[in-house]
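For reference, the chains in residue letters:
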Amino acid sequence: MISKVKNAMSTLVGGMIPHGHHHPSGTGQNSGSSEGLPPRFPYGRPDFLDLTPELLQYSTEHASRPVLMLRRDSRLPWRTGYAEVINAGKSMLNEDQASCEKLFVKKPSGKHRSSPLQEDTGDATGIPLHFWGVYDGHAGSGAAIAASKLLHRLIRDRLGEVAHLLENPASPPPICLAKNGSPYQATESKKGAAAAAAAAQQQGEGAAAEEPDAISDPTIRYHMEKVVSMESLVMGVLENAFRQMDELIEKEKASYTISGGCCALAAVQMLGKLYVANAGDSRAIIIRNDEVIPMSNEFTPESERQRLQYLGFLRPELLGNEFTHMEFPRRIQHSELGKKMLFRDHTMTGWAYRTIVEDDLKFPLIYGEGKKARVMATIGVTRGLGDHDLKVYNSNIHIKPFLSCCPEVKVYDLSENKHGPDDVLVMGTDGLWDVTTDQEVADAVSTFLSGCDPSDPMRYTLAAQDLLMRSRGVLKERGWRLPSDRLGSGDDITVFVIPLAGHEGET
Ligand code: MG
């Protein structure tokens, strides 16, 4: 087994072991069950690029890596800028995806309740919402495409369920939904409970047995004791929508091929706030007055080591008798049994000595450093959507239990800050950030935008193109190179540049 893993490690490309790559979206990875099923969505680039079949073909040329960007006559909300480029050959198709939408959140209204995942009808009533998403697929493009088509609709529908609370943000009273779906005041139900208890006592019966359902429901009691902010309601919506998207992919895999998995980074602007939800290793930063405000953290085997080790410790059967949850500074030789070695487990950030036992000879659950760190020698990101069939190479060990679909959500108050035309949110897949630091991105954007006509409708797209070129570099004899002669990013690269003042012109 260990040599098997070593072989897989030695041929690693990008975030995944190579099998499963070089497949169009119509073929699955690591799974016999989806063979012959149609793809959930055909391969394509984001609808807003409006590519002709010829341009779609052209976009897949690894040798020239053409930059795709918005056409001069097409507009995204807020003049959002967008650019993308395919990888240098690690997979046949561009496994990144993106979406940008303006949506309207509507309260579900009785029998006219909209069905989940309904396309937007164009009816511009309800709470307006802007959405941007970048998805970085691996081992196929199926999950990334499905998420780019559906996640924002799930978010819209979930928001609809709490719209009655969001519309009154000044001081939302502790209102909760009764079982019949109608809102009621918790204070009234408290009175109701007191009355019910009094009535029960009069009858000489146990009060608990007579309590109304609403009061015995622990969820509702929770609402009565805690103040739930509007922000935390939206955060809860985002967290649940990511989980629902992951479950939807799993469910639909019974009828369709949805290959691979994807990192998901989503930004939602609503009611004066910007919410950024991240599951994976894409990144978002705000650049305001040339200052960088990080809006996401990356989730990798290194950043999530203790969570993963703890799961391996609690449920060793998930390690398939092949891996150990312990970490050592290097692989241990059989001849070192009984000797002392530095280690750390799920409880530790630092290192300490332990005496090596037989179990420590197994392959480490987390192995490698930086971009080369892998969970069970297979995957380099620890949060995202999909990957339900992903297994350790040539084994029956599932990796999905170690992956989380739960995003971390950060909130930024748009209405409390004044923004100039050069203040932006930059969202990009790891292809952008692998070779360009946050500060370099901020400096480049600020320099570019300050030299660009503020009324130019293309300015943010040109800024996105400029960023992308900085990470891709130019093709020289020894591959794609940056001006510094360092290697450029060979990964797919996707960038949004979103002006934060954009909301001021919107109704
Ligand atoms: Mg990538």
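Calculation rules
Within each chain, residues carry numbers counting from 1 in the order of the written sequence. Residue-level local features of this predicted model are given only where pLDDT is at least 70; pairs of side-chain atoms are given and counted only at 80 or more, and the full residue set underlies all totals for whole chains, interfaces and linings. Side-chain numbers here rest on the full set of heavy atoms in the structure, without hydrogens or water. Strands are runs of DSSP state E lasting at least two residues, helices are runs of H or I lasting at least four, and both sets are numbered from the N terminus onward. Using a 1.4 Å probe on the protein chains alone, a residue whose accessible area is under 20% of its type maximum counts as buried, one over 50% counts as exposed, and one in between counts as partly exposed. Between N-to-C directions, angles cover 0 to 180 degrees, with each direction set by a line fitted to C-alpha atoms, over the stretch in contact for helices. Orientation is classified from the angle alone, with under 35 degrees giving roughly parallel, over 145 giving roughly antiparallel, 65 to 115 giving roughly perpendicular, and any other angle giving oblique. Working rule for handedness: look at the near helix, and if it is turned counterclockwise from the far one by less than a right angle, call the crossing left-handed; if clockwise, right-handed. We call two residues in contact when some of their heavy atoms are within 4.5 Å. Side-chain classes follow a simple rule in which Ala, Val, Leu, Ile, Met, Phe, Trp, Tyr, Cys and Pro form the nonpolar group, Asp, Glu, Lys and Arg form the charged group, and the remainder, Gly included, forms the polar group. Only Phe, Tyr and Trp rings are paired, with Trp represented by its six-membered ring, and only when their centres lie within 6.5 Å; those with planes under 30 degrees apart are stacked, over 60 edge-to-face, the remainder tilted. Only Lys NZ and Arg CZ are tested; either one counts as a charge over a ring when it is within 6 Å of the ring centre and within 35 degrees of the ring normal. Expected helix span is given by 1.5 Å per residue-to-residue step, counting one fewer step than there are residues. Coordination shells were defined by N, O and S atoms within 2.8 Å of each metal, extended to 3.2 Å for Na, K and Ca; water is absent from the atom set, which can make sites look incomplete. Only when DSSP finds a minimum of two bridges between them are two strands counted as paired.

Enquirer: Help me understand the overall build of the chain, please; the structure alone is not making it clear to me.
Expert: In terms of regular secondary structure, the chain is built from 13 helices and 22 strands. Looking at the 507 residues of the chain, the share that counts as buried comes to 51%.

Enquirer: Just checking my understanding: could you explain the packing of helix 3 (residues 142-161) against helix 9 (residues 230-252) for this structure?
Expert: Helices that pack against each other are described as a pair by the angle of their axes relative to one another and the distance between those axes. Running from N to C, helix 3 and helix 9 point in directions that differ by 140°, and their axes come no closer than 9 Å. On the basis of the axis angle, helix 3 is oblique to helix 9. Remark: the crossing between helix 3 and helix 9 carries right-handed chirality. From helix 3, Ala143, Ala146, Ala147, Leu150, Leu151, Leu154, Ile155, Arg158 and Leu159 reach across to helix 9, where they touch Val234, Val237, Leu238, Ala241, Phe242, Gln244, Met245, Leu248 and Ile249. In terms of residue class, the contact of helix 3 with helix 9 is built from 16 nonpolar, one polar and one charged.

Enquirer: Sorry if this is basic, but what is going on with the packing of aromatic side chains here?
Expert: Two aromatic rings, taken as a pair, are described by how far apart their centres are and by the angle between their planes. In this structure the tally under the stated criterion is seven aromatic pairs. Residues Phe323 and Phe363 carry aromatic rings whose centres are separated by 5.9 Å and whose planes lie at 85° to one another, so their mutual orientation is edge-to-face. Separated by 40 residues along the polypeptide, Phe323 in strand 11 (residues 323-324) and Phe363 in strand 14 (residues 363-364) bring together distant segments of the chain. For the pair Phe323 and Phe363, a shared accessibility class is recorded, and that class is buried. An aromatic cluster is present here, built from Phe48, Tyr82 and Phe496 joined pairwise through their rings. The lysine or arginine in question, Arg40, covers the ring of Tyr256, its NZ or CZ lying 5.2 Å from the ring centre. The lysine or arginine in question, Arg65, covers the ring of Trp480, its NZ or CZ lying 5.0 Å from the ring centre.

Enquirer: Sorry, what's going on with helix 13 (residues 459-472) here?
Expert: For helix 13, spanning 14 residues, the distance from its first C-alpha to its last is 20 Å, which sits close to the expected 20 Å at 1.5 Å a residue. Among the 14 residues in helix 13, ten count as buried, and that is most of the element. Within helix 13, burial applies to Arg459, Tyr460, Thr461, Ala463, Ala464, Asp466, Leu467, Leu468, Ser471 and Arg472. Positive backbone phi, at 75°, marks Gly473, one or two positions downstream of helix 13.

Enquirer: So what exactly am I meant to see when it comes to the coordination of the magnesium ion here?
Expert: Summarising the metal site, the magnesium ion is bound by the protein donors Asp136 (OD), Asp430 (OD) and Asp491 (OD), whose distances to it range over 2.0 to 2.2 Å. Site description for the magnesium ion: donor spacing in sequence, D-x293-D-x60-D. Separated by 61 residues along the polypeptide, Asp430 in helix 11 (residues 430-433) and Asp491 in the loop between strand 21 (479-481) and strand 22 (493-499) bring together distant segments of the chain. A relative accessible area of 7% means that Asp430 is categorised as buried.

Enquirer: Where do I start with the pairing of strand 12 (residues 340-343) in this structure?
Expert: Within a regular strand, side chains alternate between the sheet's two faces. The side-chain alternation of strand 12 yields one buried face, formed by Met341 and Phe343, and one unburied face, formed by Lys340 and Leu342. Sheet topology note: the strand 12/strand 13 (residues 352-355) ladder contains four bridges and is antiparallel. Across the sheet, Leu342 pairs through a bridge with Tyr353, a residue of strand 13.

Enquirer: I keep staring at the pairing of strand 19 (residues 424-428) and nothing clicks. Help me out?
Expert: Burial analysis of strand 19 places five of its five residues in the buried class, which makes it a mostly covered element. The alternating pattern of strand 19 places Val424, Val426 and Gly428 and Leu425 and Met427 on opposite faces, both of which are buried. Examined bridge by bridge, strand 9 (residues 283-288) and strand 19 share five bridges and lie antiparallel to one another. Residue pairing across strands places Ile285 opposite Val426, the latter belonging to strand 19. As judged from the five bridges shared by strand 19 and strand 22, these two strands associate in the antiparallel manner. Across the sheet, residue Gly428 finds its bridge partner in strand 22, namely Val495.

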